[in-house]
Amino acid sequence: LFRSLSKVPTKDWLVDATGFKAGVYTSEDKREIILWNGLVRRTFRIGGEGLACVDLYNPITGQQLLRAVRPEARITVNGKAIRIGGLTGQPEQAYLKNEWIEKLAADPAALPFLDFSASPIPAVLDHQPAPAGISLNLRFGNQTLEVIVHYELHDGIPLMVKWLELKNKSNSAFRLDRVVNEILAFTEEESAVVGS
């Protein structure tokens with residue numbers, strides 16, 4: 001599956017963006033969810049009640065951007081930090097090997113992953129058409145709180161949008177102090193070792 005979702009574009013998307021259609025795919029074992037439009041690929045790994053991004057790939061440069069697994073998001077509610085998803089067990093944080101991904105497990109302290117759904121990107125305003133692309137919705141939650149992490153991948157452009165939706169399922173109000181909707185462990189370009 002990854003070979004077919006890793007092809008290097010043969011044309012310049014700025015000149016001709018046709019054919020770069022966004023889609024959501026799952027691996028045969030249903031443990032991976034892949035967002036792909038021919039210009040960018042993001043892969044999520046399901047491990048029990050956990051889920052985390054394990055792949056952010058640029059096919060134009062052939063560059064894997066991630067070096068470590070992190071939670072999908074982090075919120076602070078009533079002064080308490082809550083991790084949204086995530087997987088644990090990566091032995092080294094400077095790089096990520098495929099064999100390590102197989103052994104990652106759910107973070108027991110994080111809000112657990114429940115399920116996901118996909119649909120066309122909805123229109124934001126009633127009088128404007130919806131942009132072409134796909135929306136992936138990752139649902140996390142427990143008895144008192146539900147968080148939906150929304151991704152939108154657009155057709156014909158390496159553009160991905162991410163936002164969170166929170167639902168209070170308890171009978172009491174809570175105070176949302178902070179939202180961190182993206183946590184990525186990238187290699188710093190300035191510290192890359194190049195040459196022999």
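Now for a look at the structure at hand. The model shown is predicted, which means the values in this text are computed figures rather than measured ones. (Residues numbered from 1 in each chain as written. Predicted model: local features only at pLDDT ≥ 70, side-chain atom pairs only at ≥ 80, totals over all residues. Heavy atoms only, no water.)

With respect to the pattern of salt bridges
Definition in use: In what follows, salt bridge is the name for a side-chain nitrogen of Lys or Arg lying within 4 Å of a carboxyl oxygen of Asp or Glu. Working definition: helices are DSSP H or I runs of at least four residues, strands are E runs of at least two. Numbering for both runs from the N terminus. The buried label applies to any residue whose accessible area, calculated with a 1.4 Å probe on protein chains only, is under 20% of its type's maximum; exposed applies above 50%, and partly exposed to all values in between.
Enumeration over the complete set of coordinates arrives at 13 salt bridges. A salt bridge links Arg139 to Asp115, with the nearest nitrogen and oxygen atoms 2.8 Å apart. Of the two residues, Arg139 sits in strand β12 (residues 133-141) while Asp115 sits in strand β11 (residues 113-120), which places them 24 residues apart along the sequence. Of the residues examined, Arg139 reaches a relative accessible area of 27% and is grouped as partly exposed. Note that Lys162 is salt-bridged to Glu182, the shortest N-O span being 3.0 Å. Of this pair, Lys162 sits in strand β14 (residues 160-168) while Glu182 sits in the loop between β15 (176-180) and β16 (185-186), and the two are 20 residues apart along the sequence.

Thoughts on the nonpolar core
Test applied: Note on terminology: a nonpolar core comprises buried Ala, Val, Leu, Ile, Met, Phe, Trp, Tyr and Cys residues joined through side-chain atoms within 4.5 Å. Here a residue-residue contact requires only that any non-hydrogen atoms of the pair lie within 4.5 Å.
In this structure, Phe44, Leu51, Ile75, Ile84, Leu138, Phe140 and Val149 are the most contacted members of the largest nonpolar core, which totals 27 residues. Those elements giving two or more residues to this core turn out to be β2 (32-36), β3 (41-47), β4 (50-58), β7 (73-77), β8 (80-84), β12 and β13 (145-154). Sorting elements by how many residues they give to this core places β13 first, with five residues. Ignoring any residue separated from it by four or fewer positions in sequence, one finds Phe44 in contact with Arg31, Glu32, Ile33, Leu35, Leu51, Ala52, Cys53, Glu72, Leu136, Leu138 and Tyr151. Core analysis: the second largest hydrophobic core is formed by seven residues, Ala52, Val69, Leu87 and Ile101 among them.

Remarks on the sheet that holds β7
Heads up, the condition is: Strand pairing follows a simple DSSP-based rule, namely that at least 2 bridges must link the two strands. Inter-axis angles, ranging from 0 to 180 degrees, are taken between N-to-C directions of lines fitted to C-alpha atoms, where helices are fitted over the stretch in contact.
Strand order in the open sheet formed by three strands is β8-β7-β15, with antiparallel pairing between adjacent strands. The outermost strands of the open sheet, each flanked by one partner alone, are β8 and β15. For this sheet the average axis-to-axis angle between neighbouring strands, irrespective of direction, equals 15 degrees. Two elements, β7 and β8, share five bridges in a ladder whose sense is antiparallel. Its bridge partner being in β8, Thr76 is matched across the sheet by Ala81.

Things to note about the sheet that holds β3
With antiparallel pairing, five strands are arranged side by side in an open sheet as β1-β2-β3-β4-β5. Because the sheet does not close on itself, it has two edges, and the strands there are β1 (23-26) and β5 (63-64).

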